Amino acid sequence: MKSLFPYLAILLEVAMIVLFGLFVEYETDQNIHQQPNSTKSTAVDRFLELYPLFQDVHVMIFVGFGFLMTFLKKYGFSSVGINLLIAALGLQWGTFVQGILHSHGQKIHIGIKNMINADFSTATVLISFGAVLGKISPCQMLIMTIIEIAVFAANEHVVAEIFMASDIGASMTIHAFGAYFGLAVASILYRPGLRWGHDNNESVYHSDLFAMIGTLFLWIFWPSFNSAIAEAGDKQYWAIVNTYFSLAACVLTAYAFSSLVDHRGKLDMVHIQNATLAGGVAVGTCADMAIHPYISMIIGSVAGMVSVLGFKFLTPVFAIKLRIHDTCGVHNLHGLPGVIGGLAGIGAVALKASNTSTPAMQAAALGSSIGTAVAGGLITGLILKIPLCGQPPDENCFDDSVFWEVPRWREHDVHFHEHDGHSQLEPEL
């Protein structure tokens, strides 16, 4: 790690500083008034108006995603720490790449929507990170961040500017894209030695509790994620309400099916941490459409059911038959619900819930997002296989101590022994 990682990190940050120095400026009132459909509100007014939504999205990126991945018993430092690292790089690179695509050869003027969209681009990488969690190095993640955000921005431009498709909550362009990009990378970096599991690829009681912190932050703030860049007025209102009720319905279904698929009727914490969020993913594409709250609840219920079934039945098939080891189950939380969201968007447009797109363009956007993700992920995986990237060996997977200084005594290095009726904590020798 030491031989390449610090130099690559410094090089990338220097590159970001140079690019920002050459191409990025503050947003001013004059910039605002030159944009189509702009109002006479000042840049500062608009910034402050949307800043609370930006804060919500920012918390999701750095706290929600970070803690959601802390379920592994020996990988908590990396889950939160590498999440911070790649998010910090991603928001800078995303600001630049998306700005270049939308600036039409002019300077990039940083407004609140640029910052929100930069966080969105980072979310794509964090979703993919979940598929390869514990199996790649920080250096590899930096490289993956640069490549994936560039591919994501290109696909998003095609979806929004060429297909003119509606995807306000990014079910297709962020969730489906991020999941299938990550799965494609995981397929290339597949490790036969992990086919039947790994001692460290499991949780302990407290690591699952930390992961639930991430779940709760994501669940609470998801209406802001789906409505942050929606058109002010009815559309933003619909996006908030539809997401709110889709998430609520999803929770009930996820709990029910988690119990149903267990032969003893018990709940599985993996399902609760992840499937309860699937409703927010699935309703994203049609969140700002007048689909009626009960439709959003149906979408959320279906997403919760499909997500649980995916964790129970598809994840083992992917690992054993398809040679794709999906550490966090991003296919079940983001991939399948993202596809459901894309299909729901096609149906909503066909039923005239929105007049901004056509069913054909919505279908093209879904196909483009999945196809571009798979192609980009396969190429990225091949690049990450280069030995210089420092991929850890099988025996060191899912272990913080490979890349971090860790406390000598950790919870999983000790066990309880009963002595004289009292529990004593003793180290394993």
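Thresholds, definitions, all that
- Residues numbered from 1 in each chain as written.
- Predicted model: local features only at pLDDT ≥ 70, side-chain atom pairs only at ≥ 80, totals over all residues.
- Heavy atoms only, no water.
- Helix = DSSP H or I, 4+ residues; strand = E, 2+ residues; numbered from the N terminus.
- Rg over C-alpha atoms; globule rule 2.2 N^0.38 Å.
- Buried < 20%, exposed > 50% of the residue type's maximum accessible area, 1.4 Å probe, protein only.
- Contact = heavy atoms within 4.5 Å.
- Lys, Arg positive; Asp, Glu negative; His and termini not counted.
- Charge placed at Lys NZ, Arg CZ, Asp CG, Glu CD.
- Phe/Tyr/Trp six-rings, centres within 6.5 Å; stacked < 30°, edge-to-face > 60°.
- Core = buried A, V, L, I, M, F, W, Y, C linked by side-chain atoms within 4.5 Å.
- Patch = residues over 30% accessible without salt bridge, like charges linked within 9 Å, V, L, I, M, F, W, Y side chains within 5 Å.
- Areas by Shrake-Rupley, 256 points an atom, 1.4 Å probe, with all protein chains shown as cover.
- Salt bridge = Lys/Arg side-chain N within 4 Å of Asp/Glu carboxyl O.
- Expected span 1.5 Å × (residues − 1).
- pLDDT = per-residue confidence, 0-100.
- Axes fitted to C-alpha atoms, helices over the stretch in contact; angles between N-to-C directions.
- Parallel < 35°, antiparallel > 145°, perpendicular 65-115°, else oblique.
- Left-handed = near helix turned anticlockwise from the far one by under 90°.
- Nonpolar A, V, L, I, M, F, W, Y, C, P; charged D, E, K, R; others polar.

Draft legend 1. Quick look at the overall build of the protein. Helices and strands together make up the secondary structure of the protein, namely 14 helices and 4 strands. Its C-alpha atoms give the protein a radius of gyration of 22 Å, near enough to 22 Å, the size a compact globule of 429 residues would have. Oriented by its inertia axes, the alpha-carbon framework of the protein measures out at about 75 × 50 × 40 Å. By the burial criterion, 51% of the 429 residues in the protein qualify as buried. Counting only contacts in the protein whose residues sit at least 6 apart along the sequence, the fraction spanning at least 24 positions is 81%. Here the protein holds 20 positive side-chain charges and 32 negative ones, and the gap between their average locations is 8 Å.

Draft legend 2. Representation of unusual backbone geometry. At His 292, a position not held by glycine, the phi torsion is positive, near 85°. Even without a glycine there, the phi angle at Phe 398 is positive, about 60°. Its place among the elements puts Phe 398 in the loop between helix H14 (359–384) and strand S3 (414–419). Residue Phe 398 is classed as buried on the basis of its relative accessible area of 1%.

Draft legend 3. Representation of the packing of aromatic side chains in the model. Scanning the entire structure with this criterion turns up 12 aromatic pairs. Each member of the aromatic cluster is reached from another via a ring pair, and the members are Phe 23, Trp 93 and Phe 96.

Draft legend 4. The nonpolar core, seen in detail. In terms of nonpolar packing, the biggest core is built from 79 residues, with Trp 93, Leu 133, Met 141, Ile 174, Trp 222 and Phe 225 touching the most fellow members. No other element matches helix H5 (residues 112–132), which puts 10 residues into this core. Not counting residues up to four positions away in its chain, the partners in contact with Phe 225 are Val 57, Met 60, Phe 120, Ala 123, Gly 169, Ile 174 and His 175. Grouped together as the second largest cluster of nonpolar side chains are 13 residues, Met 289, Ile 299, Ala 303 and Ala 344 included.

Draft legend 5. Here's a closer look at a nonpolar patch on the surface. Taken together, Ile 10, Val 14, Val 18, Leu 22, Phe 23 and Ile 100 make up a surface patch of nonpolar side chains, about 510 Å² in accessible area. With 5 residues, the single largest contributor to the nonpolar patch is helix H1 (residues 5–23). Within the element layout of this structure, Ile 100 appears in helix H4 (residues 76–103).

Draft legend 6. Inspection of H4 at higher detail. Helix length check: H4 (28 residues) gives 39 Å between terminal C-alpha atoms against 40 Å at 1.5 Å per residue, within 8%. His 104 sits one or two positions beyond H4 and adopts a positive phi of about 55°.

Draft legend 7. Inspection of the pattern of salt bridges at higher detail. For the structure shown, the criterion picks out 2 salt bridges. A salt bridge links Glu 202 to Lys 73; its shortest N-O distance comes to 2.9 Å. Here Glu 202, found in the loop between helix H7 (171–188) and helix H8 (205–227), pairs with Lys 73, found in the loop between helix H3 (43–68) and H4; they are 129 residues apart in sequence, far enough to count as distant. Under the relative-accessibility criterion, Glu 202 is labelled partly exposed at 39%. When the shortest N-O distance is used, the salt bridge between Asp 394 and Arg 191 registers 2.6 Å.

Draft legend 8. View of the confidence of the model for the protein. Mean pLDDT over the protein works out to 91, with 91% of the residues at or above the 70 mark. In this model residues 414–429 is a low-confidence stretch, pLDDT under 50, and it forms 21 contacts with partners more than four residues away in sequence or in other chains.

Draft legend 9. View of the side chain of Asn 332. By secondary structure assignment, the location of Asn 332 is in helix H13 (residues 330–350). You can call Asn 332 buried: its relative accessible area is 1%. Apart from the residues lying within four places of it in its own chain, the contact partners of Asn 332 are Ser 307, Gly 310, Phe 311, Leu 314, Thr 315 and Pro 337.

Draft legend 10. Molecular detail of the packing of H7 against H13. Remark: H7 packs on H13, axes separated minimally by 8 Å, with the N-to-C direction vectors making an angle of 140°. The angle between H7 and H13 places the two elements in the oblique class. Relative to H13, H7 is oriented so that their crossing is left-handed. Seen from H7, the contacting residues are Ser 171, Met 172, His 175, Ala 176, Ala 179, Tyr 180 and Leu 183; seen from H13, they are Val 330, His 331, His 334, Gly 335, Leu 336, Gly 338, Val 339, Gly 341 and Gly 342.

Draft legend 11. Representation of helix H6 (residues 138–162). Compared with the 36 Å implied by 1.5 Å per residue over 25 residues, the 35 Å span of H6 between its first and last C-alpha is a close match. Among the residues trailing H6, Met 164 stands out with phi positive, at a value near 55°.

Draft legend 12. Quick peek at the packing of H1 against H4. Relative to each other, H1 and H4 sit at 35°, their axes nearing to 11 Å. As for the relative orientation of H1 and H4, their crossing is left-handed in sense. In this structure, H1 uses Phe 5, Leu 12, Glu 13, Met 16, Leu 19, Phe 20 and Phe 23 to contact H4, whose residues at the interface are Leu 85, Leu 89, Gln 92, Trp 93, Thr 95, Phe 96 and Ile 100. Grouping the constituent residues of the contact of H1 with H4 by class yields 11 nonpolar, 2 polar and 1 charged.

Draft legend 13. View of the environment of Ile 100. Classification of Ile 100 by relative accessible area gives partly exposed; the value is 35%. For the pair formed by Ile 100 and Asn 396, sequence separation is 296 residues and the distance between their alpha carbons is 40 Å. Ignoring sequence-local partners within four residues, the contact set of Ile 100 consists of Phe 23 and Ile 108.

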